[in-house]
Amino acid sequence: MSPPAPLAGLRVVEFTHMVMGPAAGAILAGLGAEVIRVEPPGGDQTRRLIGSGAGYFPMYNRHKASLCLDLKSPLGLEAARRLAASADILIENFRPGALDRLGLDYETLRALNPRLIHCSLKGFLPGPYQGRTALDEVAQMMGGLAYMTGPPGRPLRAGASVIDVTGGMFGVIAILAAVEERHRTGKGQKVQAALFETTVYLVGQHMAQMAVTGAAAAPMPARISAWAVYDVFETRDDPVFIGVVTDALWEKFCALFGLDSLWADQGLRRNNDRVRARDRILPEIRALIAGFTRAEVIAKLEGTGLPFAPISRPEDLFDDPHLLASGGLEAVTLADGTTTLLPTLPIDLDGARPGTPAHLSEAGREGEAILASLGFDDRELEALTGAE
């Protein structure tokens, strides 16, 4: 069976770099849209990042065609305009005003293509900060996420590009809302999402906590948890997370691990009472769990309804039996010709996962065919592709 492709027939043009814009395009590509990634001659610099950036390009640019254009040349700009005129959706995440100065702003492109949905992904939505340059880490610091992640006085960014990716997701939500509205009106529109506002939305639960309780939320390492048993526990070998989040699960947990004295204490039968007694309960539970191996703890908890998790590293996920069995990983051919597995979109559509074996296009690989379809003649094609 073919994988689900609900967005088949939609053409998306990306003027993007790094993570936020490409992540939005990757989601649309994973759902079946035709996505054309516009890169500068020689390819996007993101292709050549090392260190923690080495995975950006393969993760967020699968299932896309590549077209290299010199937007500083009149012919390259004309190709970009024709491409936008042929598109349903345009995504860009360059610095504010970068595409506007080239004549690729929404108002100009709307005159060419009134049905165009123009998605602008920035550091900030319109307001006093809109001219600033932002990165994922900037937004995490400004938006309170780094404060909540690290211990008191030591802000710490999350261990993945969560704001870039989530910001891209909000961009996709806005795009799909605009596609639905276009079904009714026949007109496109400009939609926007931004890193800072995405971060603020994610920490909104802590703002609400302040409003409800009158006390500021403490950073997560220093927080008072909503549950007494909700932590990482050391075993004889590797640690495991365990959560006991209801009164019924407390009864089950005590029975599983033979915690008869704790269950006999009537003052611990309700969740909030256990939270207040956390300092008394946890040492006994930690000592007990420390006597098992991680595999033994998991064997006890499997199928009980109690939340638990081994502490995995990213490299462990290549061999995760659930991901392998459920279609959570797809084969991707990398630029050097090797094949690896990378995550598919984490959704299920009518019983199937989207995603097919994918390659990463070489810079400009599909350029000539795309440009020819836009009406450029052989002489123009040679001029446009000669610098790739």
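Predicted model, so just to flag it, every value in this text is computed and none were measured. (Residues numbered from 1 in each chain as written. Predicted model: local features only at pLDDT ≥ 70, side-chain atom pairs only at ≥ 80, totals over all residues. Heavy atoms only, no water.)

Which residues make up a negative patch on the surface, and what values do they have?
A cluster of acidic side chains, namely Glu368, Asp377, Asp378 and Glu382, defines a negative patch on the protein surface. Turning to its location among the elements, Glu368 is positioned in helix H16 (residues 367-373). Among the residues examined, Glu368 registers a relative accessible area of 51% and is labelled exposed. (Patch = residues over 30% accessible without salt bridge, like charges linked within 9 Å, V, L, I, M, F, W, Y side chains within 5 Å. Areas by Shrake-Rupley, 256 points an atom, 1.4 Å probe, with all protein chains shown as cover. Salt bridge = Lys/Arg side-chain N within 4 Å of Asp/Glu carboxyl O. Lys, Arg positive; Asp, Glu negative; His and termini not counted. Charge placed at Lys NZ, Arg CZ, Asp CG, Glu CD. Helix = DSSP H or I, 4+ residues; strand = E, 2+ residues; numbered from the N terminus. Buried < 20%, exposed > 50% of the residue type's maximum accessible area, 1.4 Å probe, protein only.)

How would you explain empty space enclosed by the protein if you had to name every residue and give the values?
In this structure the tally under the stated criterion is 1 cavity of 30 Å³ or more. Its volume calculated, the largest cavity comes out at about 40 Å³. Along its surface, the largest cavity is lined by Arg37, Glu39, Arg47, Phe57, Asn61, Lys64, Ala65, Ser66 and Ser361. Among the elements that line the lining of the largest cavity, the one with the most residues is strand E3 (residues 64-68), at 3 residues. Taken together, the residues of the lining of the largest cavity break down into 2 nonpolar, 3 polar and 4 charged. (1 Å grid on protein atoms, 1.4 Å probe; cavity = no way out; pocket = protein on both sides within 12 Å on 5 of 7 lines; lining within 4 Å. Points joined across faces, edges and corners; volume = space filled by probe spheres on them. Nonpolar A, V, L, I, M, F, W, Y, C, P; charged D, E, K, R; others polar.)

With reference to specific residues and values, describe the nonpolar core.
Counting 32 residues, the largest nonpolar core has Leu28, Ile89, Ile91 and Ile175 as its most contacted members. Broken down by element, the residue count for this core peaks at 6 residues, all from helix H7 (residues 162-185). The contact partners of Ile91, leaving out residues within four places of it in the chain, are Val12, Val13, Glu14, Phe15, Thr16, Gly21, Ala24, Gly25, Leu28, Cys119, Leu121 and Ile175. Membership of the second largest hydrophobic core comes to 25 residues, among which are Ala65, Ala80, Ala84 and Leu374. (Core = buried A, V, L, I, M, F, W, Y, C linked by side-chain atoms within 4.5 Å. Contact = heavy atoms within 4.5 Å.)

Kindly report on the environment of Lys122, identifying the contributing residues and their values.
With respect to the element layout, Lys122 can be found in strand E5 (residues 117-122). Each C-alpha atom of the pair Lys122 and Val275 lies 42 Å from the other, and the pair is 153 residues apart in sequence. Filtering out sequence-adjacent residues up to four positions away, Lys122 remains in contact with Met20, Glu92, Asn93, Phe94, Arg95, Pro96, Ala193, Ala194 and Leu195. Within the structure, Lys122 has its side chain in polar contact with the backbone oxygen of Phe94 (distance 2.4 Å). (Polar contact = N/O pair within 3.5 Å; in protein donor to acceptor, adjacent residues only side chain to side chain.)

Outline the sheet that holds strand E12 (residues 358-359), supporting the account with residue identities and numerical values.
Taken in spatial order, the 3 strands of this open sheet run E11-E10-E12, and their pairing is mixed. If you trace the sheet from one side to the other, it starts and ends with strand E11 (339-343) and E12, each paired once. Of the pairings in the sheet, the one linking strand E10 (residues 329-333) to E11 comprises 5 bridges and is antiparallel in character. Each residue of the ladder has a partner; that of Val332, found in E11, is Thr340. (Pairing = 2+ DSSP bridges.)

Outline helix H3 (residues 74-85), listing residues and values.
For H3, built from 12 residues, the straight-helix expectation of 16 Å at 1.5 Å per residue is met to within 8% by its first-to-last C-alpha distance of 16 Å. For H3, every residue scored as buried is listed here: Gly76, Leu77, Ala79, Ala80, Leu83 and Ala84. Considered in projection along H3, the buried side chains sweep an arc of 155° and stay on one side of the axis. (Expected span 1.5 Å × (residues − 1). Arc of directions from axis to C-beta.)

Run through the sheet that holds strand E7 (residues 230-233), naming residues and quoting values.
One open sheet accounts for 3 strands, arranged E7-E8-E9; its pairing is antiparallel. Of all the strands in the sheet, just E7 and strand E9 (308-310) have a single pairing partner and so form its edges. Each adjacent strand pair in this sheet contributes to an overall mean axis angle of 15°, direction not counted. Across 4 bridges, the pairing between E7 and strand E8 (residues 240-243) is antiparallel. Counterpart to Phe233 in the pairing with E8 is Val240. (Axes fitted to C-alpha atoms, helices over the stretch in contact; angles between N-to-C directions.)

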